[in-house]
Amino acid sequence: MLDLRYVTENLDEVRAQLGRRGFTDASVLDAVARLAEERRAAIGEVESARAALNTASAEMGKSADKKAEEFQAKREAARTLGDQVKGLEARRVEVEQELTDLLLGIPNLPDESTPDGKDERENVVVRTWGEKPRMDFTPRDHVDLGVSLGILDFDRAAKLSGARFTVLRGVGARLERALLQLMLDLHADRHGYEEVWVPALVKGTALQGTTQLPKFEKDLFKLAGKVGGEEEGGGHELYLVPTAEVPVTNLHADEILEVDALPKAYAAYTPCFRSEAGSYGRDTRGMIRQHQFDKVELVRFVTPEQALDEHEKLTRHAEAVLQELGLHYRVVQLCAGDLGFAAKKCYDLEVWLPGQDAYREISSCSWFGDFQARRMAARYRPAPKAKPQLLHTINGSGLAIGRTLVAILEQGQQADGSVRIPSALARYLGETPSVLQASS
């Protein structure tokens, strides 16, 4: 969430920066400016009315005869002032809620290092790694390969759950597990992330903290009814996590970290659940866009001064998984018009899929500034006894496991339909052969 004071004091600059990313609803910022003025006026009126009430109460206390008409008149005046304070305070709360609701719907401001551009066609390729596999045959996509290998079962998944689900069988299931272990081991042992295991069900407050709520509620799966009883305040609603970003980033909601503890880095695996609202007709074939998938997420909490360098570091850590697996990919910096709602700056890692003859995103590495931290009240103390400041948050997939499996199948395919498995997975796969052969 943007800082209200910054928005109202720099309205033209905010309009210009939001315009870079295609947010041109002038009425929203006009409403924010108007309500901010109403809020200031309401606070002043509340303070004046409360001061008058305090004075009236003090005068009433000086009266010796509690039954005298003068005392009764003062008491009635104090009661009237008390009602006025309550009414003004209610209006202040109402205005502040209206302001919050508006601010929750305004996207983050792009960083000055984010290039201009309207959409993904104007994103900038920063670097590539490796070479496209050379194939003297027409490459097949992961669906044909996985089915012929007997490791992907879409028909039975549809029987169980409907479209956009997958059953992984035999070596397919082992590969998913091996990739999970490789990613967590790499990030914990080589890159110094603390591995955490977090709930896959979260409260709405956690989703608001990382900006999925209220704007993207249609993309979420929500449990019917409430969880918990009287001991938990009458129960609360829970959602399935769309990404480990949500529970991991919210680990430090409403906390103040000491600066010596920063940067703080976490790696976590969770299953992820997304309704994919608005994506009908897109990527319906195979494992690219699923309602349930597995992912390892990287999250870093940093100071503003550390943020740019730490963003680059996290991106390199995500890249390391692809390099370990020998998968050709490129790094693309998103232009302002293609940024996600909460990001100031973002790199997408795009892996090459020969079966689609295209690069596909396998990780988005985003720097959010204090946009998430303001919602979560996640802060740090820059020095002993100093006033707490908002943290900056950074996250990225390290990686999306299903899409990594897709890339292994498509980049590792051979002319006879077999698939070479990256040697980095050997220690996790036991007796599994290094080349998977199509089932007869």
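Residues numbered from 1 in each chain as written. Predicted model: local features only at pLDDT ≥ 70, side-chain atom pairs only at ≥ 80, totals over all residues. Heavy atoms only, no water.

Colleague: Can you lay out the sheet that holds strand 10 (residues 329-333) for me, pointing to particular residues and giving the numbers?
Modeller: Strand order in the open sheet formed by 8 strands is 1-10-11-12-15-9-8-4, with mixed pairing between adjacent strands. With one partner strand each, in any of the chains shown, strand 1 (124-129) and strand 4 (194-196) form the two edges of the open sheet. Averaged over all neighbouring strand pairs, the angle between strand axes comes to 25°, with direction disregarded. In the sheet, strand 4 pairs with strand 8 (residues 264-273) via 3 bridges, with the strands oriented parallel. In the sheet register, Glu194 faces strand 8, and the bridge partner there is Tyr266. (Pairing = 2+ DSSP bridges. Helix = DSSP H or I, 4+ residues; strand = E, 2+ residues; numbered from the N terminus. Axes fitted to C-alpha atoms, helices over the stretch in contact; angles between N-to-C directions.)

Colleague: Can you break down helix 5 (residues 142-149) residue by residue, with the values?
Modeller: Burial within helix 5 is extensive, with 6 of its 8 residues counted as buried. When helix 5 is considered as a whole, its buried residues turn out to be His142, Val143, Leu145, Gly146, Ser148 and Leu149. Those residues of helix 5 that are buried lie in contact with strand 2 (152-153), helix 6 (154-161), helix 12 (401-411), strand 16 (419-420) and strand 17 (435-436). Directly beyond the C-terminal end of helix 5, a positive phi value near 75° is found at Gly150. (Buried < 20%, exposed > 50% of the residue type's maximum accessible area, 1.4 Å probe, protein only. Contact = heavy atoms within 4.5 Å.)

Colleague: So what about the packing of helix 7 (residues 171-190) against helix 12? Which residues, and what values?
Modeller: One way to put it is that helix 7 packs onto helix 12 with a least axis distance of 10 Å and a crossing angle of 115°. Considering the angle they form, helix 7 stands roughly perpendicular to helix 12. The crossing of helix 7 and helix 12 is right-handed. Every residue of helix 12 that contacts helix 7 at Gly172, Leu175, Glu176, Leu179, Leu180 and Met183 is listed here: Ile401, Gly402, Thr404, Leu405 and Ile408. Counted by class, the contact of helix 7 with helix 12 contains 7 nonpolar, 3 polar and 1 charged residues. (Parallel < 35°, antiparallel > 145°, perpendicular 65-115°, else oblique. Left-handed = near helix turned anticlockwise from the far one by under 90°. Nonpolar A, V, L, I, M, F, W, Y, C, P; charged D, E, K, R; others polar.)

Colleague: Any chance you could break down helix 10 (residues 307-325) for me, citing the residues and the numbers?
Modeller: Over its 19 residues, helix 10 extends 28 Å from the first C-alpha to the last, a length consistent with the 27 Å expected when each residue adds 1.5 Å. Just past helix 10, the residue Gly326 takes up positive phi, approximately 70°. (Expected span 1.5 Å × (residues − 1).)

Colleague: Residues and numbers for the pattern of salt bridges, please.
Modeller: Tallied over the entire structure, the rule returns 28 salt bridges. Linking Asp153 and Arg169 is a salt bridge whose minimum nitrogen-to-oxygen distance equals 3.3 Å. Of this pair, Asp153 sits in strand 2 while Arg169 is found in the loop between strand 3 (167-168) and helix 7, placing the two residues 16 residues apart along the sequence. The partly exposed category is assigned to Arg169, whose relative accessible area is 39%. When salt bridges that share partners are traced, they join Arg34, Glu38, Arg91, Glu94 and Glu98 into one network. (Salt bridge = Lys/Arg side-chain N within 4 Å of Asp/Glu carboxyl O.)

Colleague: A description of the nonpolar core should follow, citing residues and the corresponding values.
Modeller: Ranked by internal contacts, the top residues of the largest apolar core, which has 55 residues, are Leu179, Leu322, Leu325, Leu399, Leu409, Ile421 and Leu425. Ranked by residues supplied to this core, first place goes to helix 7 with 8 residues. Here Ile421 is in contact with Leu175, Ile408, Leu429, Pro433, Ser434 and Leu436, once residues within four sequence places are set aside. (Core = buried A, V, L, I, M, F, W, Y, C linked by side-chain atoms within 4.5 Å.)

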